[in-house]
Amino acid sequence: MSKAVENLRAVREKIAGAERAAGRPEGAVTLVAVSKTFDAEAIRPVIEAGQRIFGENRVQEAQGKWPALKKDFPDLELRLIGPLQSNKAADAVALFDVIETVDREKIARALAAEMKKQGRTPRLYVQVNTGLEEQKAGIDPRQAVAFVRHCIEEYGLAIEGLMCIPPADENPGPHFALLEKLAREAGVERYSMGMSGDYETAVAFGATSVRVGSAIFGAR
Ligand SMILES: *Cc1c(COP(=O)(O)O)cnc(C)c1O
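Residues numbered from 1 in each chain as written. Predicted model: local features only at pLDDT ≥ 70, side-chain atom pairs only at ≥ 80, totals over all residues. Heavy atoms only, no water.

**Points about the packing of aromatic side chains**
- The tally for this structure, following the rule as stated, stands at three aromatic pairs.
- Plain terms: the ring middles of Phe 38 and Phe 217 are 5.3 Å apart, the flat faces sit at 25 degrees to each other, and that makes the pair stacked. Here Phe 217 lies in helix H9 (residues 214-217) and Phe 38 lies in the loop between strand E1 (30-34) and helix H2 (40-48), a separation of 179 residues in the sequence.
- Using a relative accessible area of 15% as the deciding quantity, one classes Phe 38 as buried.
- In this structure Phe 217 comes out as buried when scored by relative accessible area, which is 10%. (Phe/Tyr/Trp six-rings, centres within 6.5 Å; stacked < 30°, edge-to-face > 60°. Helix = DSSP H or I, 4+ residues; strand = E, 2+ residues; numbered from the N terminus. Buried < 20%, exposed > 50% of the residue type's maximum accessible area, 1.4 Å probe, protein only.)

The structure is reproduced here in structure tokens:
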């Protein structure tokens with residue numbers, strides 16, 4: 001068994017344990033395996049072990065490895081979890097099943113135009129910069145609820161949930177709680193939060209999906 005497959009099983013068990021501890025139903029949390037920087041050879045055993053949902057943070061990198069894998073495994077779901085530039089919107093709509101990083105007007109407009117043009121409708125999340133970090137993508141939490149409404153009303157985008165990446169040096173709990181509160185106010189029901197270091201905490205705070213990379217594939 002590859003090390004990544006062993007790790008995958010361990011992560012799945014920890015998620016199940018965190019679901020039980022939080023009194024949540026088994027399977028309430030979707031595991032997104034973050035495969036950025038790892039090539040198709042490293043990813044394939046994890047797919048063969050049953051994992052079907054993967055996250056990538058760069059459009060171009062994903063284009064290099066996923067079309068062939070998707071051909072072999074038609075039920076794969078690919079999620080974009082990294083910042084999106086509007087000149088990559090067409091490629092992103094063509095390749096990804098979920099885009100978690102809608103965070104400004106220009107991207108919302110570009111995605112709406114591409115989805116119409118291609119007749120393809122990836123599910124969408126709005127990324128929220130809960131820590132108001134300058135170097136980080138995501139909309140200001142004070143504007144998040146209005147932005148979600150704007151995406152729905154102005155562009156007809158079916159925003160499914162919110163996503164956040166808490167500051168690396170802070171307790172993530174308050175950020176997860178903020179994301180959940182904003183989602184409730186905005187009337188969306190999915191929260192993408194929690195990474196290798198804090199996914200069990202995120203499950204306790206109501207995450208509906210966690211994005212786990214290094215705890216599965218190893219250090220990058
Ligand atoms: C890389 C990445 C992850 C996974 O991080 P790990 O700490 O390796 O689990 C999760 N979310 C986003 C947005 C990422 O870019």
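The structure having been displayed, the exposition proceeds.
**Some words on unusual backbone geometry**
- Positive phi values are uncommon outside glycine, yet Thr 37 reaches one of about 75 degrees.
- Here Thr 37 shows up in the loop between E1 and H2.
- Non-glycine residue Leu 132 carries a positive phi angle of around 45 degrees.
- Of note, Leu 132 is situated in the loop between strand E5 (123-128) and helix H6 (141-155).

**Quick word on the side chain of Lys 36**
- With respect to the element layout, Lys 36 can be found in the loop between E1 and H2.
- Notably, Lys 36 is buried but unbridged: the nearest opposite-charge side chain belongs to Glu 56, and the N-O separation is 8.5 Å.
- When near neighbours in sequence (up to four residues on either side) are disregarded, Lys 36 contacts Gly 55, Glu 56, Asn 57, Glu 61, Lys 65 and Arg 220. (Lys, Arg positive; Asp, Glu negative; His and termini not counted. Salt bridge = Lys/Arg side-chain N within 4 Å of Asp/Glu carboxyl O. Contact = heavy atoms within 4.5 Å.)

**Side note on the site of the ligand**
- Taken together, the residues surrounding the ligand are Val 34, Lys 36, Ile 81, Met 163, Ile 165, Met 195, Ser 196, Arg 211, Val 212, Gly 213, Ser 214 and Arg 220.
- Measuring from an oxygen atom of the ligand, one finds a side-chain N or O atom of Ser 196 at 2.5 Å.
- Here Arg 211 contributes a side-chain N or O atom positioned 2.8 Å from a nitrogen atom of the ligand.
- Its free accessible area being 390 Å², the ligand has 90% of it covered by the protein chains.
- In terms of residue class, the shell around the ligand is built from six nonpolar, three polar and three charged. (Near = heavy atom within 4 Å. Polar contact = N/O pair within 3.5 Å; in protein donor to acceptor, adjacent residues only side chain to side chain. Areas by Shrake-Rupley, 256 points an atom, 1.4 Å probe, with all protein chains shown as cover. Nonpolar A, V, L, I, M, F, W, Y, C, P; charged D, E, K, R; others polar.)

**Thoughts on the nonpolar core**
- Counting residues in hydrophobic clusters, the biggest one holds 65 residues, and the most contacted among them are Phe 54, Trp 66, Val 102, Leu 111 and Val 210.
- Leave out the neighbours within four places in its chain, and Trp 66 touches Ser 35, Ile 43, Ile 47, Phe 54, Glu 56, Leu 76, Leu 78 and Leu 95. (Core = buried A, V, L, I, M, F, W, Y, C linked by side-chain atoms within 4.5 Å.)

**Notes on the pairing of E5**
- Counting buried positions along E5 yields five of six residues, so the element is predominantly enclosed.
- For strand E4 (residues 98-102) and E5, the ladder comprises three bridges, and the chain directions are parallel. Bridge pairing in E5 links Ile 99 to Leu 124.
- Taking the sense of rotation as the criterion, the β-α-β connection linking E4, helix H5 (residues 105-118) and E5 turns out right-handed.
- Sheet topology note: the E5/strand E6 (residues 159-164) ladder contains five bridges and is parallel. In the strand pairing of E6, Leu 124 is matched with Ile 159.
- Since E5 and E6 lie parallel, the crossover through H6 that links them has a hand, and here it is right-handed. (Pairing = 2+ DSSP bridges. Right-handed = clockwise from strand over helix to strand, strands pointing away.)

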